[in-house]
Amino acid sequence: EDPGLGEGLDAAQLAGAAEVARAAVIQLSPGEWQPETWPVSVRDGFGLLVLDGLLLRRVRLGDRFGVELLSSGDLLRPWQREDAVSSVPRHLGWQVLEPCRLAVLDIEFAQRTSSFPQIPAQLIARAISRSRHFAVNMAIVQQPKVEARLHMLLWHLADRWGTVGPDGVFLPVRLTQTVLAALVAAQRPTVSGALAALERDHRLPRTSRGWLLHGAPPGELAL
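What comes next concerns the included structure. (Residues numbered from 1 in each chain as written. Predicted model: local features only at pLDDT ≥ 70, side-chain atom pairs only at ≥ 80, totals over all residues. Heavy atoms only, no water.)

A word on the pattern of salt bridges
Overall, the coordinates contain nine salt bridges when judged by the stated rule. Here Asp 2 and Arg 126 are joined by a salt bridge, their closest N and O atoms 2.9 Å apart. Of this pair, Asp 2 sits in the segment before α1 (11-20) while Arg 126 sits in helix α4 (residues 118-140); the two residues are 124 residues apart in sequence, bridging distant segments of the chain. Between Glu 68 and Arg 57 there is a salt bridge whose closest N-O contact spans 3.5 Å. Of this pair, Glu 68 sits in strand β4 (residues 64-70) while Arg 57 sits in strand β3 (residues 47-61), placing them 11 residues apart in sequence. Taking relative accessible area as the criterion, Arg 57 reaches 11% and is therefore assigned buried. Through salt bridges with shared partners, one network takes in Glu 1, Asp 52 and Arg 101. (Salt bridge = Lys/Arg side-chain N within 4 Å of Asp/Glu carboxyl O. Helix = DSSP H or I, 4+ residues; strand = E, 2+ residues; numbered from the N terminus. Buried < 20%, exposed > 50% of the residue type's maximum accessible area, 1.4 Å probe, protein only.)

Structure, rendered in structure tokens:
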């Protein structure tokens, strides 16, 4: 399901790891997701690994909110409290945008894979990568023009989940204008106009399965 977790293992180790690195899978349907009460055996494990699908994590402070887009390869721990010692009250929420499968990497999974330290090392790397990607998202929303924000955001997502083809970089992520507006901290009508401008310039043709990015990444993302 996730060959990247075996990076650093030789062929013999990979075969052994494949026998023990098995996990239960939960499925989420589109809509609001309210994580259940998790048993200690799950809470003490690594977390939930997104195998496929699309999730939106929302954090609201007053009448403002920030969002984070999660998909295959991301590691999350929805039971881990974030406001236990915070003086700034916040409200958290989850929305499933596309059907998701999450692997439950509980304490038993951690014990079975303990002979292969490369696996937890890869999971730690996933968690660090997630925080770095979110920092990039924060920098993108500081761009003054919404059109630039959208262009940068979609290229950034393409770096994570896109595939290179003869016609450009295909990003198999279908996002509504409402979700895009949340991701770039803009109003929906403004996002609609910015998308239309990008499509007119043939930099961002939309397909029924996602986006096709043409040309070079914008601005500093090309560095």
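Topic: the packing of aromatic side chains
Tallied over the entire structure, the rule returns three aromatic pairs. Taking 6.2 Å as the distance between ring centres and 85 degrees as the angle between the ring planes, the aromatic pair formed by Phe 46 and Phe 109 counts as edge-to-face. Pair noted here: Phe 46 is in the loop between α2 (40-43) and β3 and Phe 109 is in helix α3 (residues 107-112), with a separation of 63 residues, a long-range link. Among the residues examined, Phe 46 registers a relative accessible area of 24% and is labelled partly exposed. Residue classification places Phe 109 among the buried positions, given a relative accessible area of 3%. (Phe/Tyr/Trp six-rings, centres within 6.5 Å; stacked < 30°, edge-to-face > 60°.)

Side note on the packing of α4 against helix α5 (residues 146-161)
Contact geometry of α4 with α5 gives a least axis separation of 10 Å together with a crossing angle of 165 degrees. When the axis of α4 is compared with that of α5, the two are roughly antiparallel. Every pair of crossing elements has a handedness; the one defined by α4 and α5 is right-handed. Mapping the contact onto sequence places His 133, Val 136, Asn 137 and Ile 140 in α4 and Arg 149, Met 152, Leu 153, His 156 and Arg 160 in α5. Among the residues forming the contact of α4 with α5, the class breakdown is four nonpolar, three polar and two charged. (Axes fitted to C-alpha atoms, helices over the stretch in contact; angles between N-to-C directions. Parallel < 35°, antiparallel > 145°, perpendicular 65-115°, else oblique. Left-handed = near helix turned anticlockwise from the far one by under 90°. Contact = heavy atoms within 4.5 Å. Nonpolar A, V, L, I, M, F, W, Y, C, P; charged D, E, K, R; others polar.)

Re the side chain of Arg 126
Accessibility expressed as a relative area gives 17% for Arg 126, which makes it buried. Separated by 3.1 Å, the side chain of Arg 126 and the backbone oxygen of Gly 73 make a polar contact. In this structure, Arg 126 is in contact with Asp 2, Gly 4, Leu 5, Leu 49 and Gly 73, ignoring residues within four places of it in sequence. (Polar contact = N/O pair within 3.5 Å; in protein donor to acceptor, adjacent residues only side chain to side chain.)

A short note on the side chain of Arg 149
Topologically, Arg 149 is positioned in helix α5. Of the side chains with opposite charge, Glu 147 comes closest to the buried, unpaired Arg 149, at an N-O distance of 11 Å. A polar side-chain atom of Arg 149 sits 3.0 Å from the main-chain carbonyl oxygen of Ala 185. Ignoring any residue separated from it by four or fewer positions in sequence, one finds Arg 149 in contact with Ile 140, Val 141, Gln 143, Pro 144, Val 184, Ala 185 and Ala 186. (Lys, Arg positive; Asp, Glu negative; His and termini not counted.)

Remarks on helix α7 (residues 188-200)
Because an α-helix completes one turn every 3.6 residues, residues spaced three or four positions apart along the sequence face the same direction. Taking 1.5 Å of rise per residue, 13 residues should cover 18 Å, and α7 covers 18 Å from first to last C-alpha, within 8% of that figure. Within α7, burial applies to Val 191, Ala 194, Leu 195, Ala 197 and Leu 198. The arc enclosing the buried residues of α7, seen along the axis, measures out at 160 degrees, which places them on a common side. Among the exposed residues of α7, those pointing more than 90 degrees away from its buried face are Pro 189 and Arg 200. At its buried positions, α7 is contacted by α5, α6 (177-183) and β10 (210-213). Looking one or two places after α7, you find His 202, whose phi comes out positive at around 60 degrees. (Expected span 1.5 Å × (residues − 1). Arc of directions from axis to C-beta.)

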